[in-house]
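So you can see what is in the structure, the chains are spelled out below.
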Amino acid sequence: MTEEKKAAVKTSSAIMGLSELDHFTAEKEFTRCGLCENNCALTVTIFSDGSKFVTGNRCERGAEKVTKIKFDRSQQKENLVDYKYKKLFKFKALSKRKAPHGVMGIPRVLNMYENYPLWHTILTDLGFRVQISPKSDKALYEKGIETIPSDTVCYPAKMVHGHIQALIDKQVDAIFYPSVIYERIENSKAPNHYNCPIVQGYPEVIEKNMDPIRDGQVKYFHPFVNLANPKTLVSSLTKAFAKDYPDISQEAISQAVEHGYQALTDFKADLQAKTDELLTKIALKKEKAIVLSGRPYHLDPEINHGIANIITQEGFHVLTEDMVSSLEEVSGLRVVNQWVYHSRLYAAAKVVAKNPNLELVQLNSFGCGLDAVTTDQVEEIMRGHNKLYTVLKIDEGSNMGAIRIRLRSLKAAVQERDKKAQTVNLDHIFNQVTSLKLDETDKEDKQKPAEPVFTKAMKKTHTLLMPMLSPIHQNGLIEEAFKQAGYKVVILPAMDRQAVDVGLKFVHNDACYPAIITIGQLVEALQSGDYDLDNTSVMMTQTGGGCRATNYIPLLRKALKDAGFPQIPVVSISMGNQGTEETPGWNITLPFVKRLLIAVLYGDLFERLLYRVRPYEAVPGSANALYDKWLEIARKNIKSGSYFEFNRNMKRIIKDFDNLPTQDFDSKPRVGVVGEILVKYAPTANNDIVGTIEREGGEAVVPDLIGFMNYSLFNQIWKSDELDMSPKAKRFAKLAIDTINFLEKPMNKALEKSQRFDGIESIYQIASQASKIISIGNHTGEGWFLTGEMIELLNSNVKNIVCLQPFGCLPNHVVGKGMLKELRRQYKGANIAPIDYDPGSSEVNQLNRIRLMMTTAKKMQKVESHG
């Protein structure tokens, strides 16, 4: 071939030469098609000449859409959501040859989007080859769908099952998925630094619902840890690895933990540097950015459905809430700011609210009960500066048409607002956005306005309205204890369906059902005209802990203002200072506590006796008549405050109920009632579950109210022992439990001697039994105690149980529904029916669930009686 021909062939060839290959580059971009409801996740490979290759599309339309768009990097908006996602999981794993302890799998889920650099570094230093689970997609979700115990849990939690299954399929040697109770402290002004209940407890759900892990086919490590205390983290990891890896020393773990924290700090520093660079660019070019706010795991493209890409397509740069939250330390909020992810959200909202180049969009997973607290508060922050607030509720559905419309509406509204806004000096914008040093005298940084306070003088003149929790405990017993302490208390009605409708007018409809009911009762009473509003206050318990119930008081405060009663003082009853209300007129004295304990003990006693004999009474109404007789005597005892009188009455009450004429005693199926505390006890919330069970031919067994008090105290002991928290709180808790046990001891003996009634299990016994199924580190809501109550019932041969929870109750996804498979496995014949309660729930559906459970119970009873 001639040289001319060779040259011609070379010129016409499309194959790259060696020199071109040396400079060949290809970058990947990730986007969503959005041309139909499939909303395909597209991977776009962009070559150095600007040409593109598209994968992930299920038809040609997606490829045509992307390849027709000319790639112009100068016009491209920066997507730091994508940057963070790529950076987060780029840590290099050891080779198998250099990993003496084998392959340790980590699921790419929930708080791993927050702490992966920490865990990857620690495990790598300890000699593990870290294997991260694949990227999320629908196929991965479907891989684990059969093991999901709660169909109402959020999509990020449901995704966990597929990730764990993927690691099992890869035959990793072990899986590491810790339960992180506390994150690192980021806001020193926040009263606490919890993780959400799902993040805390979901590793336990995985252990009890995925058979390869439950059966020990793969090692599984899920220690409960406090990331705010490196010392206890070392201790927790040492205990977790001691059995399977005895050669890993505590010293090695300590060094690895130190290195891990440094890796996490370095990762966040890189994000901050990238953020500062973008903020400077935005300020100089007068461009716009959206802070896409939510939780760390909303970074997952399968969970956020590519919303960040839609935002950039609409002409906005996009950041995440943690990239700007460090620029503010929030205080003076209406709500209790006790969850770290929430704290970032509030801080980011304040940063955005004060800066003209930033907008905020909040992502909210469907079924996230905690976000009912955040949405109202974030909206208030934004409204305070006349900024727009957009919240997008996302779940497993991927039709993004409505979300695209919302974002385009936001864009149009921002443009319209900016047209009307006054011109702002560029230097001022630059200083604000790059340094974000905000004026300390800014009105948003001032403490929240003073709320009306329940004073000492009001104690003598005010009527205190209290929502109904448990009629059998509050039916004149609790009121008498308050009366003798100098308070005039009115307990609101036991059955009040109208309260739900009133509550829905003034409480976020995604809020907890108990909050809607109790706040509805209080507002309804104030609206009734039955009370002198100048001499009326409202009272509500505040449990504290990681449950959203901690925010009932702030929700109540907002409802009172919206309903036109901002002057009404609120009395918060809690075991500790929750930081929401000052109540100088409320004080707890030893005689008051003594009377309250006697009242609760009477309530627990009546509950045990009345529910046990009433289904079998020979004379209709005789059990209630006996209860009414002794109720009046009990009130007089509470007035006197005599514990010796209580002991004398208690023995006579047990004797009378033991001898009440009955027929076919013990012939009906016994049905335990457990669940969230208010739904368990309040007839309004549970549609009179006790009456329903009795009408359906069963006998209701409801655990003691004082057990929840013991549980709350016991948790302080565990925190001190396991997380190196307050020894003073531990000493107080032990003293309080010992006091309650001392008061219950004579009653327990009398019950055990009776013919019909069971004795009382101590909280230590319940905790010991519960620990065989669930970790005692589960403290949110009813926590491990809910599982413990079910075990206590099953051990007492109460095999039929209804587990009641409000819709969206996060702790119950873990400690209720999440433990049912294991309970049924360990207790053959366990007939457990979980039932959700909500303003929109069908009462007919609830009743049908109960009837189905009762039908099974009766069949089991018949088989056992003939066996």
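Residues numbered from 1 in each chain as written. Predicted model: local features only at pLDDT ≥ 70, side-chain atom pairs only at ≥ 80, totals over all residues. Heavy atoms only, no water.

### Looking at the overall build of the chain
The secondary structure content of the chain amounts to 37 helices and 21 strands. With 867 residues in all, the chain has 58% of them scored as buried. Across the chain, the fraction of contacts at a sequence separation of at least 24, relative to all contacts at a separation of at least 6, is 76%. Accessible surface for the chain amounts to roughly 36,700 Å². Of this, 51% is attributable to carbon and sulfur atoms. (Helix = DSSP H or I, 4+ residues; strand = E, 2+ residues; numbered from the N terminus. Buried < 20%, exposed > 50% of the residue type's maximum accessible area, 1.4 Å probe, protein only. Contact = heavy atoms within 4.5 Å. Areas by Shrake-Rupley, 256 points an atom, 1.4 Å probe, with all protein chains shown as cover.)

### So, the packing of aromatic side chains
Aromatic ring pairs are reported here in terms of the distance separating the ring centres and the angle at which the planes meet. Applying the stated criterion to the full structure yields 34 aromatic pairs. Residues Phe128 and Phe241 carry aromatic rings whose centres are separated by 5.9 Å and whose planes lie at 40 degrees to one another, so their mutual orientation is tilted. Note that Phe128 is positioned in the loop between helix 5 (112-125) and strand 5 (129-132) and Phe241 in helix 10 (residues 230-241), a separation of 113 residues in sequence. Three or more aromatic residues joined by ring pairs form one cluster here, namely Tyr602, Phe606, Tyr627, Tyr643, Phe644, Phe646 and Phe742. (Phe/Tyr/Trp six-rings, centres within 6.5 Å; stacked < 30°, edge-to-face > 60°.)

### Regarding the pairing of strand 12 (residues 358-365)
Consecutive side chains of a regular strand alternate in pointing toward one face of the sheet and then the other. Of all eight residues that make up strand 12, eight are buried, and the element is covered over most of its length. On strand 12, burial covers both faces: Leu358, Leu360, Gln362 and Asn364 on one face and Glu359, Val361, Leu363 and Ser365 on the other are all buried. Bridging between strand 10 (residues 289-293) and strand 12 involves five bridges; their strand directions are parallel. Residue Ser293 lies in a different strand from strand 12, and its bridge partner there is Gln362. Here five bridges tie strand 12 to strand 13 (residues 390-394), and the two strands are oriented parallel to one another. (Pairing = 2+ DSSP bridges.)

### Points about the sheet that holds strand 10
Reading across the sheet, the four strands line up as 11-10-12-13 and stay open at both edges, with parallel pairing between neighbours. Two strands close off the open sheet at either side, each with one partner strand: strand 11 (317-320) and strand 13. On average, each strand axis in the sheet is inclined to that of its neighbour by 30 degrees, with strand direction left out of account. Sitting on the sheet, helix 4 (residues 80-88) touches strand 10 and strand 11, and the angle it makes with strand 11 is about 50 degrees. Across the face of the sheet, helix 16 (residues 371-383) comes into contact with strand 12 and strand 13 while running at roughly 165 degrees to strand 12. (Axes fitted to C-alpha atoms, helices over the stretch in contact; angles between N-to-C directions.)

### Observations regarding helix 33 (residues 763-770)
Of the residues making up helix 33, those classed as buried are Ile763, Ile766, Ala767 and Ala770. Relative to the axis of helix 33, the buried residues are bounded by an arc of 100 degrees and lie together on one face. Considering only its buried residues, helix 33 is in contact with helix 31 (706-723), helix 32 (727-753) and helix 34 (783-795). (Arc of directions from axis to C-beta.)

### A few points about the environment of Leu110
On the secondary structure map, Leu110 appears in the loop between strand 4 (103-106) and helix 5. In sequence terms Leu110 and Leu299 are 189 residues apart; their C-alpha atoms lie 9.7 Å from each other. Not counting the four nearest positions on each side in its chain, Leu110 is found in contact with Pro156, Ala157, Val160, Tyr177, Ile198, Val199, Tyr202 and Tyr297.

### Details of empty space enclosed by the protein
A complete count under the given rule lists eight cavities of 30 Å³ or more for this structure. Lining the largest cavity are 13 residues; nearest its centre among them are Leu292, Arg295, His298, Leu299 and Thr320. Those elements that provide at least two residues to the lining of the largest cavity are helix 4, strand 10 and helix 14 (321-324). Counted by class, the lining of the largest cavity contains five nonpolar, four polar and four charged residues. A volume near 50 Å³ is recorded for the second largest cavity. Around the second largest cavity, the lining residues are Cys154, Cys196, Ile198, Arg295, Tyr297, Ser365, Cys368 and Leu810. Residue composition of the lining of the second largest cavity, by class: six nonpolar, one polar and one charged. (1 Å grid on protein atoms, 1.4 Å probe; cavity = no way out; pocket = protein on both sides within 12 Å on 5 of 7 lines; lining within 4 Å. Points joined across faces, edges and corners; volume = space filled by probe spheres on them. Nonpolar A, V, L, I, M, F, W, Y, C, P; charged D, E, K, R; others polar.)

### Observations concerning the side chain of Ser136
Relative to the assigned elements, Ser136 resides in the loop between strand 5 and helix 6 (138-143). Among the polar contacts made by the side chain of Ser136, one reaches the side chain of His163 at a distance of 2.7 Å. Residues within four places of Ser136 in sequence aside, it is in contact with Tyr113, Met159, His163, Asp300 and Glu302. (Polar contact = N/O pair within 3.5 Å; in protein donor to acceptor, adjacent residues only side chain to side chain.)

### A closer look at the sheet that holds strand 1 (residues 26-32)
Strand order across the open sheet formed by three strands is 1-2-3, with antiparallel pairing between neighbours. Edge strands, defined here as strands with exactly one partner in the open sheet, are strand 1 and strand 3 (52-55). Each adjacent strand pair in this sheet contributes to an overall mean axis angle of 25 degrees, direction not counted. Sheet analysis places strand 1 next to strand 2 (residues 41-47), joined by seven bridges and oriented antiparallel. Bridging from a neighbouring strand, Phe30 pairs with Thr43 of strand 2.

### Looking at helix 11 (residues 250-285)
For helix 11, built from 36 residues, the straight-helix expectation of 52 Å at 1.5 Å per residue is met to within 8% by its first-to-last C-alpha distance of 53 Å. The first or second residue beyond helix 11 is Lys286, which carries a positive phi of 55 degrees. (Expected span 1.5 Å × (residues − 1).)

### A look at the environment of Ala682
Among the secondary structure elements, Ala682 is positioned in the loop between helix 28 (677-681) and helix 29 (683-686). In this structure the C-alpha to C-alpha distance between Ala682 and Ala494, which are 188 residues apart in sequence, comes to 6.9 Å. Apart from residues no more than four positions distant in its own chain, Ala682 is found in contact with Met468 and Leu469.

### A closer look at the pairing of strand 21 (residues 831-837)
Of all seven residues that make up strand 21, seven are buried, and the element is covered over most of its length. The alternating pattern of strand 21 places Asn831, Ala833, Ile835 and Tyr837 on one face and Ile832, Pro834 and Asp836 on the opposite face, and all of these are buried.

### Some thoughts on the nonpolar core
In terms of nonpolar packing, the biggest core is built from 237 residues, with Trp119 and Trp784 touching the most fellow members. By residue number, the principal contributor to this core is helix 25 (residues 590-613), which donates 13 residues. The next biggest cluster of nonpolar side chains, apart from the first, holds 29 residues, and it includes Ala511, Ala549, Tyr552 and Leu556. (Core = buried A, V, L, I, M, F, W, Y, C linked by side-chain atoms within 4.5 Å.)

### Notes on the pattern of salt bridges
Tallying each qualifying case throughout the model produces 43 salt bridges. Across the salt bridge formed by Arg344 and Glu114, the nearest N and O atoms sit 2.5 Å from each other. Residue Arg344 is located in helix 15 (residues 340-353), and its partner Glu114 is located in helix 5; the two are separated by 230 residues in the primary sequence. Assessed through its relative accessible area of 3%, Glu114 is described here as buried. Two residues, Lys158 and Glu396, come together in a salt bridge whose shortest N-O distance is 3.1 Å. Taken together, the residues span a long stretch of sequence, with Lys158 in helix 7 (residues 155-169) and Glu396 in the loop between strand 13 and helix 17 (401-420) at a distance of 238 residues. (Salt bridge = Lys/Arg side-chain N within 4 Å of Asp/Glu carboxyl O.)

### Thoughts on the state of the cysteines
In the structure shown here, the tally under the stated rule is zero disulfides. No disulfide involves Cys809; its nearest neighbouring cysteine sulfur is the one of Cys512, lying 5.9 Å away. The exposure class of Cys809 is buried, given its relative accessible area of 6%. (Disulfide = S-S within 2.5 Å.)

Interpretation note: all reported values are geometric properties and have no functional meaning in isolation.
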